[in-house]
Amino acid sequence: MKTSQLDRSGAPVVAIRGVKKSFGQTPVLGGVDLDVHRGEVVTIIGPSGSGKTTLLRCINLLEVYDEGSVTIDGVEVGYRGQGADRVLRSESELAPIRAETGMVFQMFYLFPHLTALQNVMLGLVKVRKMPRADAEAAAAGWLKRVGLADRMSHLPAQLSGGQQQRVGIARAVAMGPKVILLDEITSALDPSLVGEVLAVVRTLAEEGRTMILVTHEMAFAKNVSDRIVKMDQGRIVSESGSLAPEGGEHLSSGSSGNLPIPRGPVADDGVEDGEELPHAGGKGDLG
């Protein structure tokens, strides 16, 4: 386990309370409670269909949860108001809240007609409203950090899977999110490329970034995590690690929707004004 001196006495960055979610008549999350504190790395494990990915996607409302609450620094992500006045947030309300999370997906979801540099710049210009020159400098800096200084002008099709995933990580972290969500980020990679991606995540963990991971890479999870949380049948069944709550059970060792491809006339950054930035829509898989 990661050696950590985190202070858990303050308010958590992410607070999940009683979250439930069903797809039609199929319950997927059965009332999940989880706190993640600043600088903490929490890994969620469990069998396929246990609700791991669905929980991760509820944190930034890529999946709308049916009951309960998810807050980021005290602000509820999905809803506003209380009781009978509780209503789902509009997309315009949700956008700045969602921007406080950085999501890295199983698949890479890069815009195919934009270079690596432009893919990382895009959110900085469109969402953070950063001047283009500043966005380019920040994007270039992060691509260098993930070992892609010589690939900035390459299109996604000219990059390996591991390189594309590192662009995805750079894009997420460049936005300065309060929490980074990583969903099975090595599952679509050739085994020979897994190490280069995990090395980047390990560096982020060592820097004290707040992260929630879903992964089957157990050796890696034990190395970088403050806590490992096991889910089964839509519930958290056990936790392990130095930051697990008192009485937490020790663990034995033991899909995404389609991204709409941009079409039609584009602005000079290559993306139409008002066009949705890359994130996986749809229901995805249940695990």
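These numbers come from a predicted model, not from an experiment.

Re the overall build of the chain
Each helix and strand in the chain was counted, giving seven helices and 12 strands. In the chain, buried positions account for 53% of the 287 residues. Accessible surface for the chain amounts to roughly 12,600 Å². Of this, 50% is attributable to carbon and sulfur atoms.

Remarks on the environment of Lys129
On the secondary structure map, Lys129 appears in the loop between helix H3 (116-126) and helix H4 (132-145). Judged by its relative accessible area of 64%, Lys129 is exposed.

Structural notes on unusual backbone geometry
Residue Asp73 is not a glycine yet carries a positive backbone phi of 50 degrees. Taking the relative accessible area as the measure of exposure, Asp73 reaches 31% and is therefore partly exposed. For Lys129, which is not glycine, the phi torsion reads 60 degrees and is therefore positive.

A look at the packing of aromatic side chains
Aromatic ring pairs are reported here in terms of the distance separating the ring centres and the angle at which the planes meet. Tallied over the full model, the rule gives two aromatic pairs. Just above the ring of Tyr79 sits the side chain of Arg86; from NZ or CZ to the centre is 4.2 Å.

So, the pairing of strand E3 (residues 41-45)
Most of E3 is tucked away: five of the five residues are buried. Both faces of E3 are covered, namely the face carrying Val41, Thr43 and Ile45 and the face carrying Val42 and Ile44. Where E3 and strand E10 (residues 211-214) come together, four bridges link them in parallel fashion. Pairing of Val41 across the sheet is with Met211, part of E10. Summarising the sheet, E3 and strand E11 (residues 227-232) pair through four bridges and their orientation is parallel. Within E11, the residue paired with Ile45 across the bridge is Lys230.

Conventions used here
Residues numbered from 1 in each chain as written. Predicted model: local features only at pLDDT ≥ 70, side-chain atom pairs only at ≥ 80, totals over all residues. Heavy atoms only, no water. Helix = DSSP H or I, 4+ residues; strand = E, 2+ residues; numbered from the N terminus. Buried < 20%, exposed > 50% of the residue type's maximum accessible area, 1.4 Å probe, protein only. Areas by Shrake-Rupley, 256 points an atom, 1.4 Å probe, with all protein chains shown as cover. Phe/Tyr/Trp six-rings, centres within 6.5 Å; stacked < 30°, edge-to-face > 60°. Lys NZ or Arg CZ within 6 Å of the ring centre and 35° of its normal. Pairing = 2+ DSSP bridges.

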